[in-house]
Amino acid sequence: MAIAAVVSGSSRVVEIVEWAADLPDVVWDRLGATRDAFTGVRRVPDDSTLSRVLTGIDADALDAVVCR
C-alpha cells in the first residue's frame, strides 16, 4: 500500500494514509489487503503505525526490490 501510494505521488506518511483511505475495494483486492476476520472491514493503519512499520524497513533493500 505504501509503495503504491508513493508511486502515486504521496510523499508523507499522512498522505499515504489519506491515499489508502480513499481506495475502492477493487484496489484493496489488487493490493492483497485482507479484511478483519470478525468485522469484515478493511482498516487503514493510522499514521503512527505506518511510521513505525516504515521506519523498520531497509530503504536500500526496498529500492532494489522495487527497481527489479
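Residues numbered from 1 in each chain as written. Predicted model: local features only at pLDDT ≥ 70, side-chain atom pairs only at ≥ 80, totals over all residues. Heavy atoms only, no water.

1. Quick word on helix α2 (residues 13-21)
Within an α-helix, residues lying three or four positions from one another point in the same direction, as the helix has 3.6 residues per turn. Those residues of α2 that sit buried are I16, V17 and A20. The buried residues of α2 all sit within an arc of 95° when viewed along its axis, so they share a single face. Of the surrounding elements, those touching the buried residues of α2 are α1 (2-7), α3 (25-30) and α4 (47-55). (Buried < 20%, exposed > 50% of the residue type's maximum accessible area, 1.4 Å probe, protein only. Helix = DSSP H or I, 4+ residues; strand = E, 2+ residues; numbered from the N terminus. Arc of directions from axis to C-beta. Contact = heavy atoms within 4.5 Å.)

2. Some details on the pattern of salt bridges
Considering all chains together, one arrives at four salt bridges under this definition. The partner of D25 in a salt bridge is R35, with the nearest N and O atoms 3.3 Å apart. Here the residue D25 occupies a position in helix α3, and R35 occupies one in the loop between α3 and α4, the gap between them amounting to 10 residues. Of the residues examined, R35 reaches a relative accessible area of 42% and is grouped as partly exposed. Linking D25 and R42 is a salt bridge whose minimum nitrogen-to-oxygen distance equals 3.3 Å. Here D25 is found in helix α3, whereas its partner R42 is found in the loop between α3 and α4, with 17 residues between them in sequence. A residue is classified by how much of its surface remains accessible, and R42, at 15% relative accessible area, is buried. In the salt-bridge network here, residues are joined through shared partners; they are D25, D29, R35 and R42. (Salt bridge = Lys/Arg side-chain N within 4 Å of Asp/Glu carboxyl O.)

3. Focus on the nonpolar core
Listed in full, the five residues of the largest apolar core are A2, A5, I16, V17 and L50. Looking at this core, the elements that each hand over two or more residues are α1 and α2. Beyond its immediate sequence surroundings of up to four residues, A2 is in contact with I16 and L54. (Core = buried A, V, L, I, M, F, W, Y, C linked by side-chain atoms within 4.5 Å.)

4. Topic: the confidence of the model for the chain
Here the chain averages 89 in pLDDT, while 100% of its residues score no lower than 70. Across the chain, the element-wise mean pLDDT spans from 85 in helix α5 (residues 59-67) up to 92 in α2. (pLDDT = per-residue confidence, 0-100.)

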